[in-house]
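Listed here are the chains, written in short residue letters.
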Amino acid sequence: MGKVQAHKRVEKAKRQNNFGLEHRQKNPDVFDFEGVIDDCLPNTSFRLTVSKSDVPQLVGKQLLATLAGKMRLYRIRVLPGDQVKGYVSKYDLSKAKIIYRSTKTISQ
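Everything numeric in this text was worked out from a predicted model, so none of it was measured.

Scoring rules and cut-offs
Residues numbered from 1 in each chain as written. Predicted model: local features only at pLDDT ≥ 70, side-chain atom pairs only at ≥ 80, totals over all residues. Heavy atoms only, no water. Helix = DSSP H or I, 4+ residues; strand = E, 2+ residues; numbered from the N terminus. Buried < 20%, exposed > 50% of the residue type's maximum accessible area, 1.4 Å probe, protein only. Polar contact = N/O pair within 3.5 Å; in protein donor to acceptor, adjacent residues only side chain to side chain. Contact = heavy atoms within 4.5 Å. Salt bridge = Lys/Arg side-chain N within 4 Å of Asp/Glu carboxyl O. Pairing = 2+ DSSP bridges. Axes fitted to C-alpha atoms, helices over the stretch in contact; angles between N-to-C directions. Core = buried A, V, L, I, M, F, W, Y, C linked by side-chain atoms within 4.5 Å.

Asker: Pulling in residues and values, what's your account of the side chain of serine 53?
Answerer: With respect to the element layout, serine 53 can be found in strand β2 (residues 45-53). Exposure remark for serine 53: the relative accessible area of 18% places this residue in the buried category. At 3.4 Å, the side chain of serine 53 and the backbone oxygen of aspartate 32 are in polar contact. A polar contact of 3.1 Å, which involves the side chain of serine 53, links it to the backbone nitrogen of valine 55. Ignoring any residue separated from it by four or fewer positions in sequence, one finds serine 53 in contact with Asp32, Phe33, Leu58 and Val59.

So, in structure tokens, the structure goes:
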């Protein structure tokens, strides 16, 4: 490969962003959580129970959640029993956004 292609490859690698959950910028207005979907409601709404969170008051609480971002754009299917990750605003602790659906199942 010539120097031109190598230069382009290096510049492209610099522009690439890692959009993983652990590399998300911490926003002080939202709290991340992990939970389990309890019920599917109309209009891509879900009732979920929080299983793990940075805020102890959220653990065990039921929230009304909707899909966010690429999950809504590509219509990712979420079913009862799925483990999900999401965030809730500090201004309304009863509503949440789902940003990730785990492919792992819960062992009972």
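Next comes the rest of the account.
Asker: Give a detailed account of the pattern of salt bridges, specifying residues and quantitative values.
Answerer: Across all of its chains, the model carries three salt bridges by this definition. Notably, a salt bridge pairs aspartate 29 with lysine 90, separated by 3.4 Å at the nearest N-O pair. Placement of aspartate 29 in the loop between α1 (3-15) and β1 (30-41) and of lysine 90 in the loop between β4 (83-89) and β5 (95-101) is noted, with a sequence separation of 61 residues between them. Across the salt bridge formed by aspartate 82 and arginine 101, the nearest N and O atoms sit 3.9 Å from each other. With aspartate 82 in the loop between α2 (70-73) and β4 and arginine 101 in strand β5, the pair connects residues that are 19 residues apart, well separated along the chain.

Asker: Give a description of the sheet that holds strand β3 (residues 62-67) that names residues and reports values.
Answerer: Spatially, β1-β2-β3-β5-β4 is the arrangement adopted by the five strands of the closed barrel, whose pairing is mixed. Between one strand and the next, the sheet's axes are offset by a mean angle of 50°, whatever the strand orientation. As judged from the five bridges shared by β4 and β5, these two strands associate in the antiparallel manner. Of the residues in β5, the one forming a bridge with valine 84 is arginine 101.

Asker: How would you summarise the nonpolar core if you had to cite specific residues and measurements?
Answerer: With 16 residues, the main nonpolar core has Phe33, Ile37, Leu48, Val78 and Ile98 as its most contacted residues. Of all elements in the fold, only β1, β2, β3, β4 and β5 reach the threshold of two or more residues within this core. Discounting chain neighbours no more than four positions away, the residues touching leucine 48 are Phe33, Val36, Ile37, Asp38, Lys61, Gln62, Leu63, Ala65, Val84 and Ile98.

Asker: Before we move on, can you summarise unusual backbone geometry with the specific residues and values?
Answerer: A positive phi angle, near 60°, is found at asparagine 43, a position not held by glycine. Summarising the element assignment, asparagine 43 is placed in the loop between β1 and β2. We classify asparagine 43 as exposed; its relative accessible area is 69%.

Asker: Run through the pairing of β4, naming residues and quoting values.
Answerer: Of the two faces of β4, only one is covered, namely that formed by Val84, Gly86 and Val88; the face formed by Gln83, Lys85, Tyr87 and Ser89 stays uncovered. Two strands pair when backbone bridges link them, and β1 and β4 are joined in this way by seven bridges, in the antiparallel orientation. Opposite aspartate 32, over in β4, you have tyrosine 87 as the bridge partner. Counting the residues between successive antiparallel strands, the hairpin from β4 to β5 contains five residues.

Asker: An account of the environment of glycine 81 is requested, with residue identities and associated values reported.
Answerer: Among the secondary structure elements, glycine 81 is positioned in the loop between α2 and β4. Judged by relative accessible area, glycine 81 falls into the partly exposed class, the value being 38%. Separated by 45 residues in sequence, glycine 81 and valine 36 have C-alpha atoms that sit 5.8 Å apart.

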